[in-house]
Structure formats: C-alpha cells, structure tokens
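Chain by chain, the residues run as shown.
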Amino acid sequence: MKTNLTAGARAVRGLLLTGAWTLTGTLAAPAFAQELTQQTAPAAVTAANAPIVPRVEVTGSAIRRVESETALPVQVLTREEIEKAGVTTAAELLGRVSANVNGLTDGASINVGGDQRGFNSANLRGIGTSSTLVLLNGRRMANFASPGDDSGVDLNNIPAAALERVEVLLDGASALYGTDAIGGVINFITRKDYQGLEIGGYFGKTDEGGAGKRTLSISAGTGALDTDGYNVFAVADFQRTNALSTAQRSFIPNLQVEQRLGHLLSGYTGPANIRLTSNQRDHLQELGFTINGQPITNRLINLSVPGCAPPANVYLPAGTGGVDACTYNYMGDTELYPKSEKASLLSRGVVKLGGGHQAYAEVALSRAKTWYTGSAARVTGYIDYSRVPQLAGTGLDELDDDYPGELELRMRVNEAGQRTSELTSEGMRIVAGLTGTVAGWDYDAAFNHSVNTVKDKDTHGYLLYNELLEGIADGRVNPFGPSSAEGLALLDSIQVNDVVRRARGTLDSFDFKFSRALGKMEDGDLALAIGGEARRERNRFTPSELLLSDNINNDAAPEGGRATGDSRKVAALYGEVLVPFAKQWEAQLSARYDHYEQVGGAASPKIGLSYRPQAGVLLRASAGRGFRAPTMTELHRPTVYSSTATLPDPVYCATVENNYSDCADNWDTRRYSNENLKPERSRQFSLGAVAALGSHVNASLDYWNIKRTDLISEIGDDIILGNLAKYGDLVYRDEDGLIDYIELRKENRGAQLARGLDLALTVRGINTAYGHFGGRLNGTYVLSSKIQNAPGDAFVSNLNRFVTDGVVQRWRHTLSLDWEQGALSANLQNTWSSGYEDQNTAINIDDGSVVAANRVKSYSLWDLSGAYEFDPKLKLRVGVQNLFNRAPPYSNQAYYFLSGYDPSYTDPRGRRFYLSANYSFR
C-alpha cells in the first residue's frame, strides 16, 4: 500500500534515516528488555477488524500514544503491586524502587536539631534529592518549605490511598518538564474517576513491640462520565504509627556501639562531668586527688566513676569521657522510629461541557504530624567549686584562672525529660482546568495552586537557657543527683512549648499544551505537541521571637536574626515531535526553554529513537541535556553556623607530632548561600532493548549515563582540610593559629558522573494444575558514581563506599513472586542492597585512634503475604514484612545522629505482621 507523505514529513524522514542506521550497530548489542506489562500493548494492530488500542499520555512525553511506543524507560508500579507490598505511604513504596538511592527518610530525620526534619524525599540514581522531579498527575507540587541543602516534594504530601499507579521515568526529562528532572521523574497518578463506596483498613504490629500502624481509607464517588456527563469522587486516608525506642530492639545492644564507637558518644552526662581548667587539673594532681582510687590524668572528670548511673551513662575509658569521667550512650536513650499521624484527602470532579470539551478540578490536602524524640537536654553549666563536697577546701579559688574557683559542668538534664519536637508538614494543591479538542488540536490547560507549610515545634525537653544556668549556679538544679522540689518546679516552669520555625512555600502556575497529528508517515502519524508554563514560586521562613532571642537551650537562633521571604517568576516553552520516519522506526524530538528571574535562561534539547527489528523486540536510545536552577535557599539563605565531624587540622597536627588526640576536633563552620549562582547543567544518554522472550517472559536492559557540570555545592570540610594547599584560604584562624571557623560557600564548581544498568524481568501467565505463577525482578547495577569537588580536582567515588554523607550501592533489586489459585493468592518479595566499604575515618580524640575499618554487610529483606477474595466486594490480606527479622547491618558511619547502623536505607522495625481488608459497596 502506498503511503502518502507530506513534503515536510518526507524531509524529516530523510534527515532521520541517516542517524537511525548509524545507531543501529550500537543498539544491536545483546540485551534484555524492559518489562512489557499488561498495560503495554504489542506492536500496532493492522487488521481492519482489530480493536482500537487506546492511546494514553506516558510520563516523559506530551503526545498520546500506545504505551509500548516509547524510546524512554518507564517503570510502572500498579495499584495491585502496591497492595501486595503491604506499604501505605509513598516513601515506603519508593524504598522498593531499585533506582531510588539515599532519599531522605524518617529514620534519617531522627536528631535533636536541623531545619529539614520530617522531609521524606526521592533520589533517583543517588545524584541528589534536588535532581529528582516528583509530579502528581503530571503536574508540579510545592517543594518542602523548610530551608536546607535539599529541595524537593515531601512524599508525606502524596495521597497514597488514592494512587492508581506510579510511573518512574528512569531518564532525564528537562526537555519536557524543566528544572530538577536530571536523575529522572516520578509521576504519582491517582484515580481519575470512581463510582460507589469503598472502605479499607490496615492493622500492623511488630514482633518486638513499638512502631505499630493503623490506617483507614474511604473512597466514594458518583456519576458516570459517559452516560451522566460528570463524575465526582473523593478518597480520604488516615494513618497512625507508634514510636519505636532503642530499648525495644534487641539488635541495638548487639551493635556494640559502646565498644566500637565510644568516641562518637557524648561527654555530657548525668551525673555531670566536670571539665577542669589546665591549672585546676595540675593543682589537684599536686594534691594527690584521686578518682576511683587512681590519680587523675585528664581534664574531664566525674566523681561517680566507675558507677556513672547506667544504663545510659556508662564508664567507658575508651569513650568520649575517658578514663576519669563518664560517657553518655544516647543509643540507649533515644528513638529509632518516630510517632506519626498522617491524613490526606484527594477529590476530583469532571464534567462534560459538550463539543468534546471537559472541565475538571482537583483538590489534594494532606497533613503529616511527626514527633521526633531524642536524648535528654545537654548543657554546659557553671558552679562554684565549694558546692562540690569532694572538692571543697582544695583551694581552686586561689588559682590564676579567668574565673577562680568556677567549675565547668558538662551535664545531661535528665529530669527535664527527652527532647521532643513536633513537626507538621501540610500540603494543599488545587488544580482547575479544561481539556478537549479545538480545530483538530487536543488541548489541556490548567491553573495550579500548590502550598506546603511546615511548623517545627519544641514541645518538651527544650529549656530556657539563661534561667537554666541560673538554676544550676544557685543550686536549685542538682548536676550530680536528684534536684529539690524547687529545682523540679523550676525545670517544669522553663520548659519550651513553642512553634519555633514556620515555613511556607507556594507555587502558582498556569500551563497549557496542544497536540495533534500532522500527517501520515510510513509507520504511523507524524505528531506534534507544543506547550508552555508561567510559574511563580514564593518561600517564607519565620522563626519565632523566642527562637530569635537565642534563649532556647540546644536550639540556637538562626544567623541574621530575622524572618526571610523570597519569590521569583519562571516562564517556559517546549515542543515535541513524534516521527515514525521509516518502517518500525520512530524518533521523539523535544526541546524546552526556561527563564528564571535573576538566574537567567536554560535550553534543554533531547532526542529519543526506537526501532522494532521484529515482533516482540524494541531497541531504543536517547540523548539530551538538562539543567537544575538554583533554589531560593541556595541563593538567599542566611548564614548557618554548624560544625564538622571529628577531623584533624594538618597545621596543628604538625606541631604535636600528628597526635590526633590533640589536633583533631569538631571545628566550627559557617555555611553561606550565593546569590550569583547559575544553573547546573547536565547531559545524559541511554541505550537499551526490550524483548519478549517467548510467550511468558519479558525482559529489558538499559544503560544510562549522566554527567552534571557547574555543580552547586560546598567543598566538603574534610576535602578542605585534606588539601590546604588549594583550599587553605577557606580556613580562618585565630591569633594562635588555631581554627576559628571553616567557610563553606555555595558555588558552581566541579562535576558529577553516574552510569549504570537497569534490568527488568517479568514472568507471567504460567498456568499449572497447582495455580497461576508469575514474577518480576527490577534491579539497578551502578557502574560508576563519583564527584569532582572543583575543576582540576580528582573525582571521588562513593560507589560501594560511604563518603561524607552517604553511599551508592553497586546493586539493588526488588524481586516479587506471585501465585494465584481461584480466590486465593500469595506474594513473596525480596529487596536487596549490596554491601560496601564503610565510613572508616572517624577519629577518637581521647587517644587519637582511628575507628577500626569495617565493611557493611549486604541487606536483604523478605516479605510474604496472602490474600483471599471472598467475593468481588470483600478482600482480605495478611502478611509478614521482614520475614526473617533481619536487623540493620553494623556501620561505623558518623554522619547521622543514630549510630551503629545507617538509617537512610535500613529499617529498625524488624519483623512485622499486618492485616488489611477492603470492602466495596458497589
């Protein structure tokens, strides 16, 4: 049959044929293929009486097409798969995506400070939360509002109960979506219409107690769009999870944190440690003063040695307290998993307007309230030595000190209770739009108003600082034992209960897109899509008056002493052309231009190519450029005061024969934003194949390669001190040559490289006398992951090696095996992460030793569930997560507050049992 081509189509066809055959040699390498799911259609049907294959919009393209007709790798997680996994939140679901590495989690948020507690994020390829774009029904949401180093959507704002599927685009997509889509795009797609009433419930408990979970979801809808001309539905979801403390887990003692990581523990104890001046120590040594029957040797002493009031306060000569004092093991006195309450509502309405037009509106509301509980407050207090009976009469007031007779105390205020913060993240998104067809053009245009608000409230254990010091100095608060009734009353009266930080991020946008077929080509329609977006982003950060007064113990005032507010406008235009330019060949050409107020513009082109050499085989490739605009936090955030991990100062070390006990310390840092930042740039390409290996097996293998340049980053403090010849001007010293502070400033510097392979394998439709069997494997094998800190510097690899703040594991996978027989079904799942070289650089400043080298073991979790469908209305599922009760493997990482394991990817809850039920009244 002769195909009529327009002149334009012929020109495009000829232009692309040359490039296509050039790529064929590369693409024809042996390869497996991406899963061809039940939602994916085979090659186009040509028979005259064949059913029409529905065309849909797939993440990564603005043109509707059959899902299989894509040159980009998209992993689809269906509602059925979500139910089988027994997960109830978006963060739990993404923990089972092998390409998602080092995202922010509740476990990593456990600390007693920090601006971004409660932020749950995605991080495709492990190249940064800020380089993964998260969408809800194809449109942006406001990012987590609290300022910090990471920028992205809080997964707590995703209405998990309303999800129909999740599409994970494992390729850069700035050419369509703009900024942030360097590592990939995660599109959470909710139900579009629903009729009837459905109630679902979930109850879970852990084997050892703690971290129990209960959920309730209600879905209701009315109206059939085809017959009634409208549909309105809503899904409400409520979840509550209990806290989990270290005392509730047997694996915590087995980590042997005291023996292995005593130098990471605290020297602030109850009863209090006393920090002597050098004169005081020398004077007591001359008097023959002893502790535990031995002459004192250090400046840090504790008169209760060796008792030390266990279990949290221990005598640990090799620990931070040293031989003459006590050490506080906060891993015996904190929480591993926070208490939380989450609620969400998604409502959507669609009405036919006639003439092929529809109006729609969508409202998404969410609130996640999380209570983070850490150890009791610590404080440096001061008392007169005469208040300590063992030291009275020793003449410390006669020494030549700045404050003769004054003792410095490093104390833990246990009587005030554990420090607890209440973090509330609220999301609201309202979308209203029109869709339909005008003059042969399909269109979709909408207004999007999205808000995220964060409230960080100190609720208990945080005390008014000045009043606390007065109570210690005058004896009302006893540093060495129980306080008097008057002291307890004082502690109760100075408890802080205040929303200390408020943040609000707002995104207002109008977007549109038009698409249509332009003409017939040899293997389909030449199609075009054009679109644009106008967006305004606003951020506001408001510290409370109490916080700004700098009178909250353990919660310092932000630098600058003021609230901040910033806004900017963004405008963008994009286009996409789908060109089936030869038999079984298709090209996807797209480009986008974004302009950011203050930052400037960025162009992002991309080409994708697919070829079907035979039925059931697809070869594909893509190449493109992308960008990430600097966030308003990176541009305008006030200076942040912080400190390093324990690091040696080479200049000081050279004067003390490299004795780390003298020249290693937690040095002060000052972190600066930079209003002159420009966008990061990226280039990425991928090669892959999709194949049906017989009638039951589908497979894929995709190679991906990403390079980022003009990386927005600070030079790591460890890198600065390790190369003072190059970065010595960032280290500020006092008149004695000691480090005053280290400057960490956001700059466009260096580069990042990442490349690897994505493997997907699906087996389905194996029918036997014993039931129907199937299975899926999705895995990511990383070939390289490394960062260059500045032009000319060597690249530093974090592949299978914990560097600074995390690790990218070589291999991660999710395996799922299914069985079904009538109304009964079962599912067995495994998630696996490879082992890696640990962070083997921590220093014990008491004796100068470096932590013993360790290799973190691989981490494998098995889940088992079974379901029974009594009838189409009622379905029950029972399951066991972490079937073999696998504990997190030991790690000596020193980046997170929790020690002994890495909380960023492991789960401390242990074996968990759950029961879920769904009843439909339809």
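Residues numbered from 1 in each chain as written. Predicted model: local features only at pLDDT ≥ 70, side-chain atom pairs only at ≥ 80, totals over all residues. Heavy atoms only, no water.

> Account for the sheet that holds strand S33 (residues 739-745), with residues named and values stated.
Adjacent strands of a sheet form backbone hydrogen bonds with each other and so pair up, either parallel or antiparallel. The 4 strands lie next to each other as S27-S28-S33-S32, forming an open sheet whose pairing is mixed. The open sheet is flanked by strand S27 (640-648) and strand S32 (731-733), the only strands paired with a single partner. Taking each pair of neighbouring strands and ignoring which way they run, the sheet shows an average axis angle of 35°. Relative to S33, S32 runs antiparallel, the two sharing 3 bridges. (Pairing = 2+ DSSP bridges. Helix = DSSP H or I, 4+ residues; strand = E, 2+ residues; numbered from the N terminus. Axes fitted to C-alpha atoms, helices over the stretch in contact; angles between N-to-C directions.)

> I'd like a description of helix H11 (residues 485-493), backed by residues and values.
Restricting attention to buried positions, one finds in H11 the residues Gly487, Leu490 and Leu491. For H11, the arc enclosing every buried residue in end-on projection is 100°, short of the 170-degree limit, so these residues lie on one face. Those residues of H11 that are exposed and angled more than 90 degrees off the buried face are Ala485, Glu486, Asp492 and Ser493. (Buried < 20%, exposed > 50% of the residue type's maximum accessible area, 1.4 Å probe, protein only. Arc of directions from axis to C-beta.)

> Summarise the confidence of the model for the protein; cite the residues concerned and give the values.
Scored by pLDDT, the protein has a mean of 89; 92% of the residues are at 70 or more. Here residues 1-53 scores under 50 on pLDDT; set against residues more than four positions off or in separate chains, the count is 85 contacts. (pLDDT = per-residue confidence, 0-100. Contact = heavy atoms within 4.5 Å.)

> Summarise the side chain of Thr179; cite the residues concerned and give the values.
By secondary structure assignment, the location of Thr179 is in the loop between helix H5 (174-177) and strand S5 (184-190). Residue classification places Thr179 among the buried residues on the basis of a relative accessible area of 4%. At 3.0 Å, the side chain of Thr179 forms a polar contact with the side chain of Asp180. (Polar contact = N/O pair within 3.5 Å; in protein donor to acceptor, adjacent residues only side chain to side chain.)

> Hey, could you go over the pairing of strand S21 (residues 498-521) for me, with residue numbers and the actual values?
Relative to S21, strand S20 (residues 441-460) runs antiparallel, the two sharing 17 bridges. Bridge assignment links Lys457 to a residue of S21, and that residue is Val499. Where S21 lies against strand S22 (residues 524-543), 20 bridges are found, and the strand directions are antiparallel. Opposite Arg502, over in S22, you have Thr542 as the bridge partner. Hairpin geometry of S21 and S22 is characterised by an intervening segment of 2 residues between the two adjacent antiparallel strands.

> Can you break down the sheet that holds strand S3 (residues 139-140) residue by residue, with the values?
On the basis of which strands lie adjacent, the open sheet formed by 5 strands has the order S1-S4-S5-S2-S3 and mixed pairing. Every interior strand has two partners, whereas the edge strands, strand S1 (74-78) and S3, have only one. Taken together, the 5 bridges between strand S2 (residues 132-136) and S5 define a ladder with parallel strand orientation. Pairing of Leu136 across the sheet is with Phe188, part of S5.

> Before we move on, could you go through the state of the cysteines and cite the residues and values that matter?
Here the structure, examined in full by the defined rule, presents 2 disulfides. There is a disulfide in this structure between Cys308 and Cys326, and the S-S distance comes to 2.0 Å. Between Cys308 and Cys326 the sulfur-sulfur dihedral comes to about -85°; the bridge is accordingly left-handed. Note that Cys308 is positioned in the loop between strand S13 (300-301) and strand S14 (313-314) and Cys326 in the loop between S14 and strand S15 (327-328), a separation of 18 residues in sequence. Its relative accessible area of 0% is what places Cys326 among the buried residues. (Disulfide = S-S within 2.5 Å.)

> Please give an account of a nonpolar patch on the surface that cites residues and values.
Together, Leu197, Ile199, Leu216, Ile218, Phe238, Tyr919 and Phe921 make up an exposed nonpolar region whose accessible area comes to about 570 Å². Listed by contribution, the elements that provide at least two residues to the nonpolar patch are strand S6 (196-206) and strand S7 (213-222). Residue placement: Ile218 occurs in strand S7. (Patch = residues over 30% accessible without salt bridge, like charges linked within 9 Å, V, L, I, M, F, W, Y side chains within 5 Å. Areas by Shrake-Rupley, 256 points an atom, 1.4 Å probe, with all protein chains shown as cover. Salt bridge = Lys/Arg side-chain N within 4 Å of Asp/Glu carboxyl O.)

> Could you give me a rundown of the environment of Ala571, with the residues and numbers involved?
Here Ala571 lies in strand S23 (residues 564-582). Owing to a relative accessible area of 41%, Ala571 belongs among the partly exposed residues under this scheme. On a C-alpha basis, the gap between Ala571 and Arg535 in space is 6.2 Å, while along the polypeptide they are 36 residues apart. When neighbours within four sequence positions are excluded, Ala571 is seen to be in contact with Glu533, Tyr593, Asp594 and His595.

> Describe the pattern of salt bridges, with residues and values.
Here the structure, examined in full by the defined rule, presents 45 salt bridges. Its salt-bridge partner being Arg620, residue Asp702 comes within 2.7 Å of it at the nearest N-O pair. Placement of Asp702 in strand S30 (residues 697-709) and of Arg620 in strand S26 (residues 617-628) is noted, with a sequence separation of 82 residues between them. Neither Asp702 nor Arg620 differs from the other in exposure class; each is buried. Across the pair Glu743 and Arg745 runs a salt bridge, and its minimum N-O distance is 3.1 Å. Among the residues examined, Glu743 registers a relative accessible area of 11% and is labelled buried. A residue is classified by how much of its surface remains accessible, and Arg745, at 28% relative accessible area, is partly exposed. One network of salt bridges, with partners in common, ties together Glu533, Arg535, Glu537, Arg568, Arg592 and Asp594.

> Account for a negative patch on the surface, naming residues and giving values.
Together, Asp665, Asp668, Glu735, Asp736 and Asp740 line one region of the surface with negative charge. Examined against the element boundaries, Asp736 turns out to sit in the loop between S32 and S33. (Lys, Arg positive; Asp, Glu negative; His and termini not counted. Charge placed at Lys NZ, Arg CZ, Asp CG, Glu CD.)

> Requested: an account of helix H10 (residues 465-473), with residues and values cited.
Along H10, the positions that sit buried rather than exposed are Leu468, Leu469, Gly471 and Ile472. Summarising the axial view, the buried residues of H10 lie within an arc of 160°, below the 170-degree limit, and thus occupy one face. On its buried face, H10 is in contact with strand S18 (357-384), strand S19 (406-438) and H11. Directly after H10, the chain includes Gly475, whose backbone phi takes a positive value near 95°.

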